[in-house]
Each structure stands twice: as structure tokens, then as C-alpha cells.
Amino acid sequence: MTLDQLTNTMNIFQIGPLVKVFLLVLGFFYFIFTIVVYRQISLMSQTVQTSVSGVVKLIALVQILLVLGLLLLTIILV
């Protein structure tokens, strides 16, 4: 098999779409993870009330919104 035949064979197996799908699934799982973290923070805030509970909850909510925005942007661009 010559080098040209080998490179033509390798072009058939494009890895780009597989990487995109993998990253999209990974982003979706990270979004689910941020929702779980927010839920845990909410439960913790009900159990242990401190002065910074609202700030921590706000940071978790902002993280959810950022991840959701990035996930939607990824879906649009893919």
C-alpha cells in the first residue's frame, strides 16, 4: 500500500464530528451536574443558615445560566 492510498483511507475516518458530539454530550452532563450542585446548595442553605448563603446560591445560579448559554451556543454552532 502506497502512502497516497493510506492517506486516502485515513480521510474516510473523520474524527471531527465524533469529537463535536462527545463535547456536546460532555457539556450536557456538566449542565446536569451544575443543577445538582445548585440543589445541594439550596438544601444546605435550609439546614445551615449563614450570612453568605444567598451569595453562594447566587453564584451557583449564575453558573447554571452560563453553562446553559454555552450549551445552547454549542448546539447552534455545531
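For the structure itself, consult the block above.
What counts, and where the lines are drawn
Residues numbered from 1 in each chain as written. Predicted model: local features only at pLDDT ≥ 70, side-chain atom pairs only at ≥ 80, totals over all residues. Heavy atoms only, no water. Helix = DSSP H or I, 4+ residues; strand = E, 2+ residues; numbered from the N terminus. Areas by Shrake-Rupley, 256 points an atom, 1.4 Å probe, with all protein chains shown as cover. Axes fitted to C-alpha atoms, helices over the stretch in contact; angles between N-to-C directions. Parallel < 35°, antiparallel > 145°, perpendicular 65-115°, else oblique. Left-handed = near helix turned anticlockwise from the far one by under 90°. Contact = heavy atoms within 4.5 Å. Nonpolar A, V, L, I, M, F, W, Y, C, P; charged D, E, K, R; others polar. Phe/Tyr/Trp six-rings, centres within 6.5 Å; stacked < 30°, edge-to-face > 60°. Buried < 20%, exposed > 50% of the residue type's maximum accessible area, 1.4 Å probe, protein only. Expected span 1.5 Å × (residues − 1).

So, about the overall build of the protein. Scanning the protein from terminus to terminus reveals three helices and zero strands. Listing the helices and strands of the protein from first to last along the sequence gives α-α-α. Put simply, the protein shows about 6,500 Å² of open surface, and 76% of that area lies on carbon and sulfur atoms.

Let's shift gears to the packing of helix α2 (residues 16-47) against helix α3 (residues 53-77). Where α2 meets α3, the closest approach of the two axes is 9 Å, and the angle between their N-to-C directions is 165°. In terms of orientation, α2 and α3 fall into the roughly antiparallel class. Viewed along their axes, α2 and α3 form a crossing whose handedness is left-handed. Facing α2, whose interface residues are L24, G27, F28, Y30, F31, T34, I35, Y38, I41, S42 and S45, α3 presents S53, V56, K57, A60, L61, Q63, I64, V67, L68, L71, T74 and I75. In the contact of α2 with α3, the residues fall into 15 nonpolar, seven polar and one charged.

Another point: the packing of aromatic side chains. Per the counting criterion, the structure on display carries two aromatic pairs. Relative to F29, the ring of F28 has its centre 6.3 Å away and its plane inclined at 50°; by these criteria the two rings are tilted. The partly exposed category is assigned to F28, whose relative accessible area is 44%.

Over its 32 residues, α2 extends 47 Å from the first C-alpha to the last, a length consistent with the 46 Å expected when each residue adds 1.5 Å. The set of residues buried in α2 consists of F31, T34, I41, S42 and S45.

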